[in-house]
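One-letter residues, chain by chain:
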Amino acid sequence: AQRVTQPEKLLSVFKGAPVELKCNYSYSGSPELFWYVQYSRQRLQLLLRHISRESIKGFTADLNKGETSFHLKKPFAQEEDSAMYYCALRGSGATNKLIFGTGTLLAVQP
Amino acid sequence: NAGVMQNPRHLVRRRGQEARLRCSPMKGHSHVYWYRQLPEEGLKFMVYLQKENIIDESGMPKERFSAEFPKEGPSILRIQQVVRGDSAAYFCASSPERTAYGYTFGSGTRLTVV
């Protein structure tokens, strides 16, 4: 079964502290993984994709196939990073649907 | 480019009424996806449409729910005879094709059934 698990509903850190938002997936095959972010009162927007190996707003995420994880990391949290973060998986095949985790609310305290 | 437009933003319906949610994709996007977010849950896939075709409706409830994406006009998600359990946020997204860039989401329609 295809599944995305985000074990933490809430992650609270202080400004300047490192951040790691956990994401584990279940999928047999080669998954495509994404992180989406939703800032307060804004729409869901793509943060980064695993295939591009990019860093956006200081965030990175590495796909670990052995651990079936795609954790989102940032070395120094900023208050403007406070938002809801969703990990998503897209499988191969004709369907184009994304499977989302339940999301983690990141709260960065001053 | 106005992005993905959903309307209304908020919709209140009494039990038994019909709800129509509209989604206008980004200009140039021919693929539309509908997701539902229930309280305390993540976004759940409902249906994937291209112009005049339903490609994947594996997430649609078997009854009362239908979706269309006509040749002209927005995509419509229709819920007949709404019940309290239909109360949720419904999100639409669009993409130009099966893209590795993911989708562009709309702001959602929050449906409340009273």
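See the structure above.
Residues numbered from 1 in each chain as written. Chains lettered and ligands numbered in written order. Predicted model: local features only at pLDDT ≥ 70, side-chain atom pairs only at ≥ 80, totals over all residues. Heavy atoms only, no water.

1. Some thoughts on the environment of Ala77(A)
Residues and elements named next belong to chain A.
Item 1. For Ala 77, the position within the fold is in the loop between strand S8 (72-74) and strand S9 (83-90).
Item 2. Using a relative accessible area of 0% as the deciding quantity, one classes Ala 77 as buried.
Item 3. Sequence separation between Ala 77 and Gly 103 is 26 residues; the distance between their C-alpha atoms is 18 Å.
Item 4. Sequence-distant contacts of Ala 77, that is, excluding residues within four places in its chain, are made with Val 13, Phe 14, Lys 15, Gly 16, Ala 17, Val 19 and Val 108. (Helix = DSSP H or I, 4+ residues; strand = E, 2+ residues; numbered from the N terminus. Buried < 20%, exposed > 50% of the residue type's maximum accessible area, 1.4 Å probe, protein only. Contact = heavy atoms within 4.5 Å.)

2. Some remarks on the layout of surface pockets
In this approach the atoms are scanned with a rolling probe the size of a water molecule, which exposes any empty space left behind.
Item 1. One number sums up the size of the largest pocket: a volume of about 800 Å³.
Item 2. Taken together, 29 residues make up the lining of the largest pocket; nearest its centre are Gln38(A), Tyr86(A), Gln37(B), Phe91(B) and Arg110(B).
Item 3. Contributing elements (two or more residues each) for the lining of the largest pocket: S9 of chain A together with strand S9 (88-95) and strand S11 (109-113) of chain B.
Item 4. Across the lining of the largest pocket, the residue classes tally to 11 nonpolar, 11 polar and 7 charged.
Item 5. If you add up the space inside the second largest pocket, you get close to 180 Å³.
Item 6. What lines the second largest pocket is Lys97(A), Leu98(A), Ile99(A), Phe100(A), Leu43(B), Lys44(B), Phe45(B), Ser58(B) and Gly59(B).
Item 7. For the lining of the second largest pocket, the secondary structure elements donating two or more residues are strand S10 (99-100) of chain A together with strand S5 (43-50) of chain B. (1 Å grid on protein atoms, 1.4 Å probe; cavity = no way out; pocket = protein on both sides within 12 Å on 5 of 7 lines; lining within 4 Å. Points joined across faces, edges and corners; volume = space filled by probe spheres on them. Nonpolar A, V, L, I, M, F, W, Y, C, P; charged D, E, K, R; others polar.)

3. Some words on the state of the cysteines
Item 1. Taken as a whole and assessed by the stated rule, the structure comprises 2 disulfides over all chains.
Item 2. With a sulfur-sulfur separation of 2.0 Å, Cys23(A) is cross-linked through a disulfide to Cys87(A). Across the S-S bond of Cys23(A) and Cys87(A) the torsion is about -65°, and the bridge reads as left-handed. With Cys23(A) in the loop between strand S3 (19-21) and strand S4 (24-26) and Cys87(A) in strand S9, this residue pair connects regions lying 64 residues apart in the sequence. For the pair Cys23(A) and Cys87(A), one class covers both residues: buried.
Item 3. What pairs with Cys23(B) in a disulfide is Cys92(B), and their sulfur atoms sit 1.8 Å apart. Across the S-S bond linking Cys23(B) and Cys92(B), the dihedral sits near -55°, which makes this disulfide left-handed. You can see Cys23(B) sitting in strand S3 (residues 19-24) and its partner Cys92(B) sitting in strand S9, a full 69 residues away along the chain. In this pair, the class of Cys23(B) matches that of Cys92(B), namely buried. (Disulfide = S-S within 2.5 Å.)

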